[in-house]
Amino acid sequence: MDASFRKTNGETGIQESMYLEELSNTTQVVSCIFSLKEEVGALAKTLRLFEEKGINLTHIESRPSRLNKEDYEFFINVDATCSKELDEVIASLKTQISGHVHELSRNKAKDTVPWFPRDIQDLDRFANQILSYGSELDSDHPGFTDPVYRVRRKEFADIAYNYRHGQVIPKVEYTKEEKATWGTVFRELKTLYPTHACREHNHVFPLLEKYCGYREDNIPQLEDISRFLQSCTGFRLRPVAGLLSSRDFLAGLAFRVFHSTQYIRHSSKPMYTPEPDICHELLGHVPLFADPRFAQFSQEIGLASLGAPDEYIEKLATVYWFTVEFGLCKQGSEIKAYGAGLLSSFGELQYCLTNKPEIQPFEPEKTALQTYPITEFQPIYFVAESFEGAKEKVRKFAATIPRPFSVRYNPYTHSIEVLDSMQQLKNLADSINGEMGILSNALKKME
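Quick look at the structure, then. (Residues numbered from 1 in each chain as written. Predicted model: local features only at pLDDT ≥ 70, side-chain atom pairs only at ≥ 80, totals over all residues. Heavy atoms only, no water.)

## What to know about the pattern of salt bridges
For step 1, the next point in the chain: Taken as a whole and assessed by the stated rule, the structure comprises 21 salt bridges.
For step 2, the next point in the chain: For glutamate 385, the salt bridge is made with lysine 330, and the minimal N-O distance between the two is 3.1 Å. Of this pair, glutamate 385 sits in the loop between strand 10 (380-384) and helix 15 (387-398) while lysine 330 sits in strand 7 (residues 328-331), and the two are 55 residues apart along the sequence.
For step 3, the next point in the chain: Its relative accessible area of 40% is what places lysine 330 among the partly exposed residues.
For step 4, the next point in the chain: Among the charged side chains, a salt-bridge network with shared partners connects Arg152, Glu155 and Glu178. (Salt bridge = Lys/Arg side-chain N within 4 Å of Asp/Glu carboxyl O. Helix = DSSP H or I, 4+ residues; strand = E, 2+ residues; numbered from the N terminus. Buried < 20%, exposed > 50% of the residue type's maximum accessible area, 1.4 Å probe, protein only.)

## Thoughts on helix 15
For step 1, the next point in the chain: Over its 12 residues, helix 15 runs 16 Å from end to end, which matches the ideal 16 Å to within 8%, given 1.5 Å per residue.
For step 2, the next point in the chain: Regarding helix 15, the residues found buried are Phe387, Ala390, Lys391, Val394, Phe397 and Ala398. Viewed end-on, helix 15 has its buried residues packed into an arc of 120°, placing them on one side of the element.
For step 3, the next point in the chain: The elements touched by buried residues of helix 15 are helix 6 (199-211), helix 9 (278-289), helix 10 (292-305), helix 11 (310-325), helix 14 (364-367) and strand 10. (Expected span 1.5 Å × (residues − 1). Arc of directions from axis to C-beta. Contact = heavy atoms within 4.5 Å.)

## Regarding the packing of aromatic side chains
For step 1, the next point in the chain: Scanning the entire structure with this criterion turns up 27 aromatic pairs.
For step 2, the next point in the chain: Taken together, the ring pairs in this structure connect Phe235, Phe249, Phe258, Phe289, Phe294, Phe297, Tyr320, Tyr338 and Phe387 into an aromatic cluster.
For step 3, the next point in the chain: In this arrangement the basic side chain of arginine 153 is found over the ring face of tyrosine 263, its NZ or CZ atom lying 3.6 Å from the centre.
For step 4, the next point in the chain: When the ring centre of tyrosine 312 is taken as origin, the NZ or CZ atom of lysine 315, which lies over that ring, is 4.6 Å away. (Phe/Tyr/Trp six-rings, centres within 6.5 Å; stacked < 30°, edge-to-face > 60°. Lys NZ or Arg CZ within 6 Å of the ring centre and 35° of its normal.)

## Observations concerning the packing of helix 7 (residues 222-232) against helix 9
For step 1, the next point in the chain: Orientation of helix 7 relative to helix 9, taken along the N-to-C sense of each, is 15°, at an axis distance of 11 Å. Between helix 7 and helix 9, the angle falls in the class roughly parallel. Crossing hand, helix 7 versus helix 9: left-handed. Every residue of helix 9 that contacts helix 7 at Leu222, Ile225 and Leu229 is listed here: Ile278, Leu282, Val286 and Phe289. (Axes fitted to C-alpha atoms, helices over the stretch in contact; angles between N-to-C directions. Parallel < 35°, antiparallel > 145°, perpendicular 65-115°, else oblique. Left-handed = near helix turned anticlockwise from the far one by under 90°.)

## Considering the nonpolar core
For step 1, the next point in the chain: Counting residues in each nonpolar core, the largest one holds 83 residues, and the members touching the most others are Tyr214, Leu229 and Leu283.
For step 2, the next point in the chain: Element by element, the count of residues in this core is highest for helix 11, at eight residues.
For step 3, the next point in the chain: Not counting residues up to four positions away in its chain, the partners in contact with leucine 283 are Trp182, Val185, Phe186, Leu189, Tyr193, His201, Phe205, Tyr214, Ile278 and Leu343. (Core = buried A, V, L, I, M, F, W, Y, C linked by side-chain atoms within 4.5 Å.)

## Observations concerning the environment of asparagine 128
For step 1, the next point in the chain: Inspection of the secondary structure puts asparagine 128 in the loop between strand 4 (101-104) and helix 3 (147-162).
For step 2, the next point in the chain: Note on asparagine 128: relative accessible area 26%, which makes it partly exposed.
For step 3, the next point in the chain: Each C-alpha atom, one on asparagine 128 and one on glycine 242, is 8.3 Å from the other, the two residues being 114 residues apart in sequence.
For step 4, the next point in the chain: In contact with asparagine 128, not counting residues within four places along its chain, are Ala160, Tyr161 and Arg164.

Shown next, in the form of structure tokens:
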């Protein structure tokens, strides 16, 4: 659940270490990762470079490289006061070793790459770093003065805080009042979907009713939906207590993980919510994540965010806002809604397809610069020709992001591969060559 959304609307093998560690209480630390071939004296020779420059290593750990079986990867922390000397050592490493070298930091030092998760388990590290809401409510929240609702919100927050990747998402026993609120939203929105929602949404929705318990009198469970999505596109849900930063939320999408709330809006205003809730997540987002093309499009935005500078995170969050949240698309001669903010808002779902708002074609370079309100209906919407076309446009836009590498998601290991060496590119080429062989063989059998 992205912090930009505040809407008013009617393995076996070696265990991978968590080595890309951001030490929140030791901000004067610079981190670096490099790889070495498994040779006698290789590490000693490398460490001598640091010693010669008087650099104090405060932490070091290693693991076998999963990219090259002949290499080991080393992660180190050094005192930030040695940053100048570290620059010289990094330059020497790049010329003297055959592997890769990265400086990694969340501090905004020049030429450093912001930390990003490399393994799906790394999402555990920031999933609880919410910016607002959770069990705490603003004074203008409909449930602020309701002690029962506030206690209930804490129960939902505790589920999210205690959840770790790989666990079964705990089942929630929703109250009669909560089910009634869900039922009101479900019933009203379902009347609009046949005429206002995109065909992908309308194709999946009956499947959710059949397999995931989508009913007017029942609030579906995240675990059931997550299993369904994984069988369709590999997407999965993860409970979250509140709003994440844009960088953290988008990073989840790179792994095909959607951070979803479990709580529901206050019963006094069933057609209003100042924050994303389970109605928004399950009615707006979930159906499209079961569509392969939309799932790939969403993941492309997430992959583009990894290691991106802050100013580009803001641009990507804006692209996300005008697509995944409030996007329109062409289908035949008509325009339909596919954004979750529209598909979960009875009022705005009707409004967006009238002649009142301005409609523009989706072009990421322009869309990323568009300002938008967060407490009222959008004055401007962007229309995609197709999810496939939008995905290719996002890929081209991502290529303009200044970062010294490309990334690729490995669906077998649920990890991010950083493509910044010839060996990694060779591995990728081998993989593609294998897939092309399968394609060629299949085409021959169809002749």
